[in-house]
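Structure at a glance
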Amino acid sequence: PLLPVPTIERCVRELAPAAERANDRGGVRNLFEAAPAVRELARSPEVRAVAEAVLGPRCFAVHAILFDKTPDANWKVVWHQDLTIAVQARANLPGFVAWSEKEGVVHVQPPIELLERMLAIRIHLDDCTADNGPVRVLDGSHRSGRLSVEATDQWRAQHPAVDCVAERGAILAFRPLILHASSMARLPAHRRVIHFDFATDELPPPLEWHHRIA
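Residues numbered from 1 in each chain as written. Predicted model: local features only at pLDDT ≥ 70, side-chain atom pairs only at ≥ 80, totals over all residues. Heavy atoms only, no water.

Before going further, it helps to examine the overall build of the chain. If you tally the helices and strands in the chain, you get five helices and 12 strands. Here the chain has a C-alpha radius of gyration of 17 Å; the compact-globule value for 214 residues is 17 Å, and the two agree. Based on the C-alpha atoms only, the size of the chain along its principal axes is roughly 45 × 40 × 35 Å. Sorting the 214 residues of the chain into buried and exposed places 52% on the buried side. (Helix = DSSP H or I, 4+ residues; strand = E, 2+ residues; numbered from the N terminus. Rg over C-alpha atoms; globule rule 2.2 N^0.38 Å. Buried < 20%, exposed > 50% of the residue type's maximum accessible area, 1.4 Å probe, protein only.)

Okay, here's the thing in structure tokens:
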């Protein structure tokens, strides 16, 4: 599906101040707090339709971040899985490990079963071509649980990488546990992507999601 042009343009407009401040870092965290349009986008029929097709009607958005590759912020991301979630505060519960803090927000690695029931949704605010560092995935790797360095190397050796190119307004969805990476852009220009994480599970008390946008 493609999002309407006015929706994309509103997001670009509202995110411009935050993106300008973070230009050399190539990204903005805590995006729900940066622009009302992002909260509305997470609730939009187009985005909800994708999330609900995989997770069901009770799912909700829990995280949003902006990625942007430019000549000043042209980075490479090594092969990895997304293993952390953002929560309100730390609570020592079984299965929740590797606590950290990113820009004032508490993060933790939850049990793998919770990650298996999540979905990443990316909204492309610009065309994303093979030349400007698209995300690359190893198809099917999300079905193998948490992967060690050795297992990651085996997946890379045995499976071809798929470049996820997309036009402006396109919606891309994948499981957080899929092995993914991106190369530096060969022709760096704006490659703005809003990355949402959706979940369907409530966290065990007293843990709470940092955001819960339904």
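Anyway, onward from the coordinates.
This next bit is on the nonpolar core. Among the nonpolar cores identified, the biggest contains 32 residues, and V38, I121, I123, L125, I194, F196 and F198 are the most heavily contacted of them. Listed by contribution, the elements that provide at least two residues to this core are α1 (5–21), α2 (36–43), α3 (45–55), β2 (60–67), β7 (119–124) and β12 (193–199). The dominant element in this core, judged by the number of residues it contributes, is α1, at six residues. Ignoring anything within four residues of it in the chain, the contact list for F196 reads F32, V38, L41, A42, V47, H63, A64, L119, A120, I121 and I123. (Core = buried A, V, L, I, M, F, W, Y, C linked by side-chain atoms within 4.5 Å. Contact = heavy atoms within 4.5 Å.)

If you walk across this open sheet you meet the five strands as β1-β2-β12-β7-β10, and the pairing is antiparallel. Each edge of the sheet is formed by a strand with only one pairing partner; in this case those strands are β1 (27–28) and β10 (171–174). As judged from the two bridges shared by β1 and β2, these two strands associate in the antiparallel manner. If you follow G27 over to β2, its bridge partner there is F67. Lying on the sheet, α2 is in contact with β2, β7 and β12; it crosses β12 at an angle near 50 degrees. (Pairing = 2+ DSSP bridges. Axes fitted to C-alpha atoms, helices over the stretch in contact; angles between N-to-C directions.)

Mean pLDDT for the chain: 92, with 94% of residues reaching 70 or above. Summarising per-element confidence for the chain, the mean pLDDT is lowest in β1 (82) and highest in strand β4 (residues 85–87) (98). (pLDDT = per-residue confidence, 0-100.)

Relative to the assigned elements, V28 resides in strand β1. With relative accessibility at 10%, the residue V28 sits in the buried group.

By the definition in use, this model includes three aromatic pairs. The interplanar angle of 20 degrees and the centroid separation of 5.9 Å between the aromatic rings of F32 and F196 together place this pair among those described as stacked. Here F32 is found in the loop between β1 and α2, whereas its partner F196 is found in strand β12, with 164 residues between them in sequence. Like F196, F32 is buried. (Phe/Tyr/Trp six-rings, centres within 6.5 Å; stacked < 30°, edge-to-face > 60°.)

Next up on the list: the environment of P45. Locating P45 in the fold gives a position in helix α3. Residues P45 and P6, 39 residues apart in the sequence, show an inter-C-alpha distance of 15 Å.

Here the structure, examined in full by the defined rule, presents seven salt bridges. Measuring nitrogen to oxygen at the nearest pair gives 2.7 Å for the salt bridge that ties D126 to R192. Within this pair, whereas D126 is found in the loop between β7 and β8 (135–137), its partner R192 is found in the loop between β11 (180–182) and β12, the two being separated by 66 residues in sequence. For D126, a relative accessible area of 12% corresponds to the buried category. Measuring nitrogen to oxygen at the nearest pair gives 2.9 Å for the salt bridge that ties D163 to R136. You can see D163 sitting in strand β9 (residues 162–163) and its partner R136 sitting in strand β8, a full 27 residues away along the chain. The class for R136 is partly exposed, based on a relative accessible area of 27%. Because the salt bridges share partners, they merge into one network encompassing R10, E14 and E40. (Salt bridge = Lys/Arg side-chain N within 4 Å of Asp/Glu carboxyl O.)

With that settled, the discussion passes to α1. Compared with an ideal rise of 1.5 Å per residue, which puts 17 residues at 24 Å, α1 spans 25 Å between its outermost C-alpha atoms and is within 8% of the ideal. When the local axis directions of α1 are compared, the greatest deviation, roughly 50 degrees, occurs at L15, which is followed within four positions by the proline P17. For α1, every residue scored as buried is listed here: I8, C11, V12, L15, A18 and A19. Elements in contact with the buried residues of α1: β1, α2, β2, β7 and β12. (Expected span 1.5 Å × (residues − 1). Bend = angle between axes of the 7 residues up to and from the residue.)

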